[in-house]
Amino acid sequence: MRFTKMQGLGNDYIYVNCLKEAVPDPSGTARKISDRHFGVGSDGLVLILPDEQADFRMRMFNSDGSESEMCGNAARCVGKYIHDRGLSEKEEIRLMTGAGLKILKLSILDGKAESVKVDMGEPILEAERIPTTLTGLQVINTPIEALGQTYSATCVSMGNPHAVIFVEDAESFDVQTIGPVIENYPLFPRKTNVEFVTVSDREHLRMRVWERGAGETMACGTGACATLVAAVLNGFSERKATLLLNGGPLMVEWDPETNHVFQEGPAKFVFDGDY
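Residues numbered from 1 in each chain as written. Predicted model: local features only at pLDDT ≥ 70, side-chain atom pairs only at ≥ 80, totals over all residues. Heavy atoms only, no water.

K.L.:
How should unusual backbone geometry be read in this particular structure?
P.N.:
The residue after Ile130, namely Pro131, is reached through a cis peptide bond having omega 0°. Tracing the backbone shows Pro131 in the loop between β8 (112-119) and β9 (139-146). Positive phi, close to 60°, is recorded for Lys191, a residue that is not glycine. When you line up the elements, Lys191 lands in the loop between α3 (175-183) and β12 (193-201). Residue Lys191 is classed as partly exposed on the basis of its relative accessible area, which comes to 37%. Here the phi dihedral of Asn259 falls at roughly 70°; this positive angle occurs in a residue that is not glycine. (Helix = DSSP H or I, 4+ residues; strand = E, 2+ residues; numbered from the N terminus. Buried < 20%, exposed > 50% of the residue type's maximum accessible area, 1.4 Å probe, protein only.)

This is the structure in structure tokens:
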């Protein structure tokens, strides 16, 4: 199987062009190829597929083999792959995902996609649709107990569930211990991604993420979008801000006219290989 490793702000996945390659067991392949000691090493596996309704379709599998609906960093990398590898000459690509259709706008420099802006669509704020076991229109500052401490979570779905928790110091926060407890908290029937966020000012947020099925990663595009929405709902930030992730900065905007969330950042090739 021919593959390409790519990363967006350090959020690294293995990408397979399924217009040419077949992956009969993507869940099992994701577990094996993602292993950083016995495999290639990645946060998961992404398949680039044809689609009848869009230009292309993306399926993604976490490093534990579970399938996820959407990943913003992966979507940007798919856009760069499609353009730079000659699958399409379009600078605006319609990409079908498990979270619905996403529009990718490529910024081209010297014939290559330098950065990608993704229209992530409208945030989902209804408690049951996120999903949570709660009812109501929004889940803001809901208490969650983890290892004897109580945290306040604001929940948002960007096609996949997120619990955003604002903390005093995200840098020193024990993400490795608290993250998996909240990921598996009974409030979340399909588990959840967890963001730990410190507000630097109204246009700058520091975020660390514990990804459902992958653990702490360098970045999470959907998590950054959910974080901005949560910050706006809590009155902490403007609708456009820079989120500093472990892998670097990501620009995110929640447009008041369309209610869509946009994220823009880099996508990079790492290497090609055979597995």
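K.L.:
What is the right way to read the state of the cysteines from this model?
P.N.:
When the sulfur atoms of two cysteines share a covalent bond, that bond is a disulfide. Summed over the entire model, instances satisfying the criterion amount to zero disulfides. With no disulfide of its own, Cys71 lies closest to Cys220 among cysteine sulfurs, the gap being 5.9 Å. For Cys71, a relative accessible area of 2% corresponds to the buried category. According to the relative accessible area criterion, Cys220 is buried, its value standing at 1%. (Disulfide = S-S within 2.5 Å.)

K.L.:
Which parts of the structure should I look at to understand the pattern of salt bridges?
P.N.:
If the charged atoms of two oppositely charged side chains come close together, the side chains can form a pair. With the rule as written, the count across this model stands at 15 salt bridges. Two residues, Glu67 and Arg59, come together in a salt bridge whose shortest N-O distance is 2.9 Å. A residue is classified by how much of its surface remains accessible, and Glu67, at 42% relative accessible area, is partly exposed. Note on Arg59: relative accessible area 28%, which makes it partly exposed. Ionic contacts of the salt-bridge type, sharing partners, join the residues Lys5, Asp12, Arg36 and Asp43 into one network. (Salt bridge = Lys/Arg side-chain N within 4 Å of Asp/Glu carboxyl O.)

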